[in-house]
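Residue-level structural notes
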Amino acid sequence: MWLSNITISLLLLLIAGEVSAQNSFTRLSGSIIDRLSRQPIQFATLQIYRKDNPALISYALTNKKGKFNFDSIATGHYLIHCSYIGFAKIEKEIIVKGNEPITDIGIIEIQAEAEMLNEVRVSSKKSLLNTSIDRKVYNVAQDIMAQSGSVSDILKNVPSVEVDIEGNVSLRGSGDVMVLINGRPSPLMGKNKAEVLQQIPANTIERIEVITNPSARFRPDGTSGIINIVLKKNIKTGFTGSVTANAGNRERSNGSINLNFKKGRLNSFATYSARQDEYNRFGNTNREFFDSTGKGTGYYTESSRSKARPLSHLVNAGIDFTINDKNSAGLSGSILSTSLTRNNRVSRNFRDMNQLPTSKFDRLRHAPSDENETDATVYWQHKFKGEDHELRIEATVSSQTEDEKNYYSNVYTYPSTMNLFDNNWVDQIEKNQQVTIDYNRQLSENSRLELGYAGSFIQQDIDFYVENYDPLLQKFVKDLQSSNRFLYDEDVHALYGTFQKSIASFSVGVGLRMEEALTKSNLLTKDSVIQNNYFQVYPTLHLAYQLSKGELQLNYSRRVNRPDGDDLNPFTEIVDPLNLRAGNPKLLPEYIHSLEFGYQWKNKVFSFVPSIYYRYKYNGFTTVTKPINDSVLLTTRENLSNDRSAGLEFILSAKATKIFSANLSANLFYNTINASSLGLGATKSIVTMSTNFNSTFTFSPVTMLQLSCNYRSARQTAQGKFYPTFVVNMGARQDLFKKKLSATITVSDLFKTLKQKVELQSSYLNQFSLTSRDARVLYIGFSYRFGNTLKKPAEEKLQFDNSL
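An account of the accompanying structure is given in this report. Because the structure is a prediction, the values reported are computed rather than measured. (Residues numbered from 1 in each chain as written. Predicted model: local features only at pLDDT ≥ 70, side-chain atom pairs only at ≥ 80, totals over all residues. Heavy atoms only, no water.)

Our focus in this paragraph is the sheet that holds strand S1 (residues 26-34). An order of S4-S1-S7 is seen for the 3 strands of this open sheet, with the pairing classed as mixed. Taken across any chain shown, the strands that pair with only one partner, and hence form the sheet edges, are strand S4 (67-73) and strand S7 (102-110). Along the sheet, successive strands turn relative to each other by an average axial angle of 20°, direction set aside. In this sheet, S4 lies alongside S1 in antiparallel orientation, the contact comprising 5 bridges. Note on S4: the bridge partner recorded for Leu-28 is Phe-70. (Pairing = 2+ DSSP bridges. Helix = DSSP H or I, 4+ residues; strand = E, 2+ residues; numbered from the N terminus. Axes fitted to C-alpha atoms, helices over the stretch in contact; angles between N-to-C directions.)

Looking now at the pairing of S1. The side chains of a regular strand alternate between both faces of the sheet. Most of S1 is tucked away: 9 of the 9 residues are buried. Taking every second residue as pointing to the same face, both faces of S1 are buried, with Thr-26, Leu-28, Gly-30, Ile-32 and Asp-34 on one and Arg-27, Ser-29, Ser-31 and Ile-33 on the other. Where S1 meets S7, 8 bridges bridge the pair, whose relative direction is parallel. Paired with Asp-34 across the two strands is Ile-110, which belongs to S7. (Buried < 20%, exposed > 50% of the residue type's maximum accessible area, 1.4 Å probe, protein only.)

Further remarks concern the layout of surface pockets. In this structure, the second largest pocket spans a volume of roughly 270 Å³. As for the second largest pocket, its lining consists of 16 residues, and the residues nearest its centre are Phe-289, Thr-297, Asn-629, Asp-630 and Ser-631. Breaking the lining of the second largest pocket down by element, the ones donating at least two residues are strand S20 (279-290), strand S21 (296-308) and strand S23 (327-352). Counting residues per element, the lining of the second largest pocket draws most heavily on S21, which supplies 3 residues. Here the lining of the second largest pocket is composed, by residue class, of 8 nonpolar, 5 polar and 3 charged. (1 Å grid on protein atoms, 1.4 Å probe; cavity = no way out; pocket = protein on both sides within 12 Å on 5 of 7 lines; lining within 4 Å. Points joined across faces, edges and corners; volume = space filled by probe spheres on them. Nonpolar A, V, L, I, M, F, W, Y, C, P; charged D, E, K, R; others polar.)

Now for the side chain of Glu-430. Mapped onto the elements of the fold, Glu-430 is located in strand S26 (residues 420-444). Although buried, Glu-430 forms no salt bridge, and the nearest oppositely charged side chain, Arg-219, lies 8.9 Å from it. A distance of 3.2 Å separates the side chain of Glu-430 from the side chain of Gln-460, its partner in a polar contact. (Lys, Arg positive; Asp, Glu negative; His and termini not counted. Salt bridge = Lys/Arg side-chain N within 4 Å of Asp/Glu carboxyl O. Polar contact = N/O pair within 3.5 Å; in protein donor to acceptor, adjacent residues only side chain to side chain.)

Core analysis: the biggest nonpolar cluster contains 32 residues, and Leu-155 and Ile-227 have the highest contact counts within it. At the level of secondary structure, the elements contributing two or more residues to this core comprise helix H2 (151-155), strand S12 (161-163), strand S13 (169-171), strand S14 (178-181), helix H3 (193-197), strand S15 (205-211) and strand S16 (226-231). Residues Ile-41, Ile-48, Phe-68 and Ile-110 belong to the second largest nonpolar core, which totals 19 residues. (Core = buried A, V, L, I, M, F, W, Y, C linked by side-chain atoms within 4.5 Å.)

Bringing the side chain of Arg-773 into the picture now. Tracing the sequence through the fold places Arg-773 in strand S47 (residues 765-773). Other than its neighbours up to four places away in sequence, Arg-773 contacts Ile-165, Glu-166, Gln-198, Tyr-279, Asn-280, Arg-281 and Leu-754. (Contact = heavy atoms within 4.5 Å.)

This paragraph deals with the pattern of salt bridges. Per the counting criterion, the structure on display carries 29 salt bridges. Between Glu-162 and Arg-712 there is a salt bridge, with the nearest N and O atoms lying 2.8 Å from each other. In this pair, Glu-162 is assigned in strand S12 and Arg-712 in strand S41 (residues 703-712), connecting sequence segments 550 residues apart. Assessed through its relative accessible area of 8%, Glu-162 is described here as buried. Arg-712 gets classed as buried once you look at its relative accessible area, which sits at 10%. For Arg-392, the salt bridge identified is with Glu-394, shortest N-O distance 3.0 Å. Assessed through its relative accessible area of 24%, Arg-392 is described here as partly exposed. The exposure class of Glu-394 is buried, given its relative accessible area of 8%. Several salt bridges share partner residues, and in doing so they unite Arg-219, Asp-221, Arg-513, Glu-515 and Arg-562 into one network.

What follows covers the packing of aromatic side chains. On inspection of all chains with the given rule, the structure shows 15 aromatic pairs. When the ring of Phe-239 is compared with that of Phe-786, the centres are 5.9 Å apart and the planes differ by 40°; the resulting orientation is tilted. Of this pair, Phe-239 sits in strand S17 (residues 238-248) while Phe-786 sits in strand S48 (residues 777-787), placing them 547 residues apart in sequence. On the numbers, 6.1 Å between centres and 10° between planes, the contact of Phe-697 with Phe-699 is stacked. Through a chain of ring-to-ring contacts, three or more aromatic side chains come together here, namely Phe-239, Tyr-784 and Phe-786. One cation-aromatic arrangement involves Lys-405 over Trp-425; the distance from NZ or CZ to the ring centre is 6.0 Å. Stacked on the ring of Tyr-279, the Lys or Arg Arg-773 has its end atom at 4.6 Å from the ring centre. (Phe/Tyr/Trp six-rings, centres within 6.5 Å; stacked < 30°, edge-to-face > 60°. Lys NZ or Arg CZ within 6 Å of the ring centre and 35° of its normal.)

Have a look at this one:
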């Protein structure tokens, strides 16, 4: 109700202002487009002066459609200056008459600057970061780390995004973020998305989009919003390509080849990449146990070391065909294959309350695993008569298989006893089908309608087999209590609609998404079926007001975070017999109300985007650790009573000189957790901050140095906290042979500071753990571009990323 009251009040104020303005002033309106591509230019800067006076009167920025307005302009003779990075400046002379309440300047065309180097070459390039209040676009190709690093490495540089030492991704302090690939959900981004993101080469990525309050067109999944990873698909006419190779320390290496051919109505592309990585991880854990009276009962220490060398192969290919002026179709697909073998050694020492040893042994693990993901997408798009009026139908099928074999042995030092052996094998299959129908129409110059259907159908099959060695039988015997099979099906049908309307400098976007979810958990081992069907409505609201030097926005969305098959599977996963994990079949979806208010200001040098946001979450997920006996802990998922967080985020971008440019982002938020429903005591609160700084030194058109650093302060959990983390990365690039060849050197975790400290406190246990990785990685690499990369045919249209 209060949101609707605010909306109505703002509308009345704006309408009253418009009536008053129309009585005495003129509003100037127009649009900016790229002269060659005919595409609108967003964030172009316009300044208006009287012809006989150099003093600045007003300032404006173009919106997503390239449109701009100057309000309250009096009668007179004016000059309008238009500028945009990489484009030639334009000056337009106009005469304003007092008897015209609205003057349409029309379309202003601007052209990219070019220079002669034996042939015409476009000299403009995309910015590393494009920001708006509710969306950030990170152009991966402008990041030197992208040539040798993984997607996980690049995400650390994206404002609002944080990546911990394990590769887990969070957005504005929340780990419940939805990660899309090319705008669609993927099985890859499920349980093992942290590992997958560390294996996808960053040089196969075009850009990364972060949307904190998406419209109803997008799925409402994810507490804090969505991260969309867009794969490369070249659009240059003719045959183009590139080859990249990188060699790193500790026998790390990766490489890729990108090919593209476009002629007439056909565009085809293919990418292949391979990545050989190495992980060395070290850990120490200290525990103190208590009885029900709070008296100490014993101590436990653990030191661990693990090593893995994952090898991944990624193939991405597709074709787009323009059938005629009204219809186009395309087919694309990808295959990602990853294999690795983990070798772990965990040394454990148990002591009683008098610090006397009771047990000491090493647990060894040898775990080869293979993971494969395939997907295919087909689409058809029809353009109706009129501007921006189209229908798109798209279908995607994908599957993921995971085969993991774990061979364990317990080698005892004290007391002297026979060694124990146990094995477990995990076979997991996930299939996913998606169908979307998107219809959008520009109803008028200032209004737009979007309607659509989205269907998502997921089938998971998790087969967990456990066997123990029987010394009497001298063979492995199946553990009937621990072995299990779990099936999970989830069907989601959604209808959505959005409507956008602009009234002078004010615009409003309203949306509604209705979803019916049908879920079924089948515990085959126990012959038990649990169903949970529910219908929910997810409204969205986006309000914006254009100022002479920026924009104000107020955005609201209701969101959901659904448990997946692993969260619901109640069977215990015995990777470690002392630290068990299991899902919770009674886990409910968590729901979030997300509100954000922001301001954007920009000039030729600086861009400043401060935002205030608030999230209220109920039935929130949390991880809870419980004791089963004196030495065994069980970790599972539970629903919180509620979770509230409020934050202030700002992003400052600057191109101070021709040599130096930088992006600084900071997120300060207050988080309150109410875990009373879990019996974990009173409400807990903490203030957390994270900062991200990226700087680029362009010493010449062919020489570049980049430095980035990330800091994340302590953050609260239901039973403890995470300690602060800090990391610095650096990279340099030198272009050669008219930019056909590039040489790069990158260093990750320059000062080797990346460590993770975690504290857990409860009535029965105090625990402190420290994890570190051999994270300092050095890469030296080369990239060679060939084909039609420099010379631009006359018929080709320049492409610029203006779709914020």
